[in-house]
Amino acid sequence: MSAVARAGGRGAWFLVRAVGGATVGVTKAGLHTAEGTGRIVTSAARHGVFRAMGAPASAARVGHALVDLHPRRHTRSVWTGHGRAHIEVRGLAHGGHLQERLAKAVTRSLRSLEGVRWAEINAVTGEVLLAFDERRVGTDRVLDTIRAAEQAHGVQDADFPWAQPVTPGDDVPVAAVATELLVDCAAVCAGAAQRILRLPPLPRAVPTLVAALELERALRRPLMRRIGPPQTDLLLSLVSAVVNGLCDGVAMPAVDAVSRMLLLGEVRARREVWERREKDLCPGPDCVPHTRPARHLRARSRPSGPVGTWEARLEAFAPLTAAAVLVLTRSPARAANALLAAVPRAARYGREGFASAVGRGLAKRGVVPLDPTALRLLDRVSAVVIDSAVLVNHRQEQQGVRIDPLAVPVLAAARATGAHVVLTDGDRIRALLSLADQVVGRGERLADRVCELRDLGEGVLVVSGTDAEALAAADIAVGVPGAPGVEASWSADLVCVDGLADAWCVLRAVTAARTVSRGAVQLALAGSVVGILFAVVGRRRGMVHALTPVHMASLLALIWAVVAARRVTRGGPALGPWSSAMHAGLEAAGGDVEQPRPPRATSSSRQRSP
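## Thoughts on the overall build of the protein
Regarding its fold elements, the protein presents 19 helices and 13 strands. Taking all 610 residues of the protein together, 55% fall into the buried category. Of all intrachain contacts in the protein linking residues separated by at least 6 positions in sequence, the fraction that spans at least 24 positions is 74%. About 27100 Å² of surface is accessible on the protein, with carbon and sulfur atoms providing 57% of the total.

## A look at the environment of alanine 152
Following the sequence through the fold, alanine 152 ends up in helix α5 (residues 139-152). Once the C-alpha coordinates of alanine 152 and alanine 105 are considered, the two residues, 47 residues apart in sequence, prove to be 9.2 Å apart.

## Digging into the packing of helix α13 (residues 345-365) against helix α17 (residues 500-537)
Helix packing for two helices is described by the angle between their axes and how far apart those axes are. Running from amino to carboxyl end, α13 crosses α17 at an angle of 160°, the nearest separation of the two axes being 8 Å. The angle between α13 and α17 falls in the class roughly antiparallel. You can see that α13 and α17 cross each other, and the crossing is right-handed. In terms of residue class, the contact of α13 with α17 is built from 16 nonpolar, 2 polar and 3 charged.

## Digging into unusual backbone geometry
Most peptide bonds take the trans configuration, and most residues that are not glycine carry a negative phi. A positive phi angle is found at histidine 82, which is not glycine, with a value near 55°. Structurally, the position occupied by histidine 82 is in the loop between β1 (78-81) and β2 (84-88). Histidine 82 sits in the exposed class, given a relative accessible area of 55%. Of note in this structure, arginine 198 is not a glycine but carries a positive phi near 55°. With respect to the secondary-structure elements, arginine 198 resides in the loop between α6 (172-197) and α7 (205-215). Classification of arginine 198 by relative accessible area gives exposed; the value is 75%.

## Brief notes about the side chain of serine 517
As for its position among the elements, serine 517 is in helix α17. If we ignore the near neighbours within four places in the chain, the residues touching serine 517 are Pro306, Val307, Arg351 and Asp379.

## Section: helix α14 (residues 407-416)
It helps to recall that an α-helix has 3.6 residues per turn; residues three or four apart then point in one direction. Of all 10 residues in α14, 7 are buried, a share of seventy percent or more. Taken together, the buried positions of α14 are occupied by Ala407, Val408, Pro409, Val410, Leu411, Ala413 and Ala414. Just downstream of α14, glycine 418 is the residue with a positive phi angle, here 80°.

## Let's talk about the nonpolar core
Core analysis: the largest hydrophobic core is formed by 55 residues, its most contacted members being Phe354, Ile386, Leu391 and Leu461. Put simply, the parts of the chain that give this core at least two residues each are α13, β6 (383-386), α14, β9 (420-424), β11 (460-464), β12 (476-479), α17 and α18 (548-569). In terms of residues, this core owes the most to one element, α17, which gives 12 residues. Residues Leu370, Ala383, Val462 and Leu471 belong to the second largest nonpolar core, which totals 36 residues.

## Comments concerning the sheet that holds β11
Within the open sheet, the 7 strands sit side by side as β5-β13-β12-β11-β6-β9-β10. Their pairing is mixed. Every other strand in the sheet has two partners, leaving β5 (368-369) and β10 (438-440) as the edge strands with one partner each. As defined by bridge partners, β6 adjoins β11 across 4 bridges and the pair is classed as parallel. In the strand pairing of β11, alanine 383 is matched with valine 460.

## Considering the pairing of β6
Side chains Ala383 and Val385 project from β6 onto one buried face, and the interleaved Val384 and Ile386 project onto a second face that is buried too. Bridge count for β6 against β9 is 4 bridges, and the pairing is parallel. If you follow isoleucine 386 over to β9, its bridge partner there is leucine 423.

## Let's talk about a nonpolar patch on the surface
On the surface, Ile196, Leu197 and Leu199 cluster together into a nonpolar patch covering about 340 Å² of accessible area. Secondary-structure assignment places isoleucine 196 in helix α6.

## A look at empty space enclosed by the protein
Evaluated as defined, the whole model comprises 2 cavities of 30 Å³ or more. Breaking the lining of the largest cavity down by element, the ones donating at least two residues are α13 and α17. The leading source of residues in the lining of the largest cavity is α13, at 3 residues. Grouping the amino acids of the lining of the largest cavity by side-chain chemistry returns 5 nonpolar, 1 polar and 3 charged. Looking at the lining of the second largest cavity, its residues break down into 5 nonpolar, 1 polar and 3 charged.

## Remarks on helix α11 (residues 305-329)
A rise of 1.5 Å per residue sets the reference length of α11, with its 25 residues, at 36 Å; its end C-alpha atoms lie 35 Å apart and thus fit the reference within 8%. Every buried residue belonging to α11 is among Gly305, Pro306, Val307, Gly308, Trp310, Glu311, Leu314, Ala318, Thr321, Ala322 and Val325, and all of these are buried. In this structure, the buried residues of α11 make contact with α7, α12 (332-342), α13 and α17. In the stretch just after α11, arginine 330 is the one whose phi turns positive, near 55°.

## A word on the sheet that holds β2
Spatial strand order, β1-β2-β4-β3: 4 strands in an open sheet with antiparallel pairing. Of all the strands in the sheet, the pair left with one neighbour each is β1 and β3 (116-122). Taking each pair of neighbouring strands and ignoring which way they run, the sheet shows an average axis angle of 15°. This element, α5, spans β1, β2 and β4 (127-132) of the sheet and lies at about 35° to β2. In the packing of helix α10 (residues 251-281) onto the sheet, contacts are made with β1 and β2, and the angle to β2 comes to roughly 100°.

Rules and cut-offs
Residues numbered from 1 in each chain as written. Predicted model: local features only at pLDDT ≥ 70, side-chain atom pairs only at ≥ 80, totals over all residues. Heavy atoms only, no water. Helix = DSSP H or I, 4+ residues; strand = E, 2+ residues; numbered from the N terminus. Buried < 20%, exposed > 50% of the residue type's maximum accessible area, 1.4 Å probe, protein only. Contact = heavy atoms within 4.5 Å. Areas by Shrake-Rupley, 256 points an atom, 1.4 Å probe, with all protein chains shown as cover. Axes fitted to C-alpha atoms, helices over the stretch in contact; angles between N-to-C directions. Parallel < 35°, antiparallel > 145°, perpendicular 65-115°, else oblique. Left-handed = near helix turned anticlockwise from the far one by under 90°. Nonpolar A, V, L, I, M, F, W, Y, C, P; charged D, E, K, R; others polar. Core = buried A, V, L, I, M, F, W, Y, C linked by side-chain atoms within 4.5 Å. Pairing = 2+ DSSP bridges. Patch = residues over 30% accessible without salt bridge, like charges linked within 9 Å, V, L, I, M, F, W, Y side chains within 5 Å. Salt bridge = Lys/Arg side-chain N within 4 Å of Asp/Glu carboxyl O. 1 Å grid on protein atoms, 1.4 Å probe; cavity = no way out; pocket = protein on both sides within 12 Å on 5 of 7 lines; lining within 4 Å. Points joined across faces, edges and corners; volume = space filled by probe spheres on them. Expected span 1.5 Å × (residues − 1).

Next comes the structure, spelled out in structure tokens:
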């Protein structure tokens, strides 16, 4: 046994020497994170995080949202800009006659205000949309009018579900991520000061308790029921960064700061594309949906994905590993280190970093992420449903309906995901039906097939332009509107601006997401195994630390995720030989094929008029 321990110790030491230079680099990067963080937060402030300083009411709302620790969200979402506003209304989720009376009262009261051009209730988002003259009526007066209508109907204390996404232009998500980034920066500084001043670290029981909360979902449930899932994740993230900074130095909060920088870039890009394209989504009152598609509950949960499967295994494996280390070494400190090393941080960082980078890349292309949580489900897609109507272009010409030149690349990208491909039947796309695993008949509702797939436990991605019910039933809804102002766009999670080119990009991201998640899990496994080995045979007092491999694996997972995300969100599909042959076959069969369009510029400097 001692020989094995000595051999393991020598192997661990050689491994540490091999990655020692990289580890030192990570530590130095962490020590310099404060400077970069300051620049990013300053830039975020310049773009609107702290623009509420000139509006005390807005500043107070953002502050209340950050400390909204309740089972349901109390703070309403508000966005105003360019003489338009999207404001959440309390009580609309009640449904029935109360919802109808409240909607009529809110719109009637707002329309009576001098300077308001029009006001309509968006039944999908639970918001009132209005256009007004900012010189004649202010946001505070609009909010007071809405509050008065809510109070008249007895819903002034109603709240909102945490699952309901806020308006992409809201300042609260940006402020929340900036706060997390500042905490990481403070943790890096505290860890550096602790090392320089040789201050004693926190007791090992403190980070062990935080690690147990991160590993065991059952331990988090009471907190989630009390303050809500998003606030639980936020609180655990902040506590973990501070605790690990005071116990393990700067590496962990430095890696976490890198992840927060990516997330901050995503939420900023999301808000910027919203401000550019808000009028495209809703040019006027006729484009606002007054009915909400039915929501269907799942009979079975969606696939866990590589990261979720690994986390489920660790819930039982990690405590047993810590117990085994305690038996072997009779050292509670080493057992605690083993438990800390078992936390799959690299897997989580890889998935989150990929989603953030993809969200930012799609926003630069002009795609509006109405619900960014959909991007966190890309690696769990097992069925892709495509409405054939998006594969053709209806034109008032003698040629009639033409098949989009990107139809074949989109179907090829869907098949490349490895998911079950479902396509609706249609006259003009008969030659494309062979690319699908399943065809939805003409007499069948697409929404029913989507619900059937969900009940079978599939993670369903739907691509459609006008079927609001199918989009609402999907786990990931990709809207491809044929023209601005399509009502179904509000039921989508991602609204495309460049038609099938953007849908193709999303499907490529699905394929890459699964690969990135699997690789991140492998990195997490490698980091945990080496970390546990260090906890067992490493030096009790030395440079080698059980969490060093974990931090290295987390940083590598983030880098890999960003590179993969940038690769899939840049450029556009090209017609290869196989696609050209398919289109030639369609033409020979009598199907009209539209000529390919020139590639659209996707540089960040390009500006789109709203």
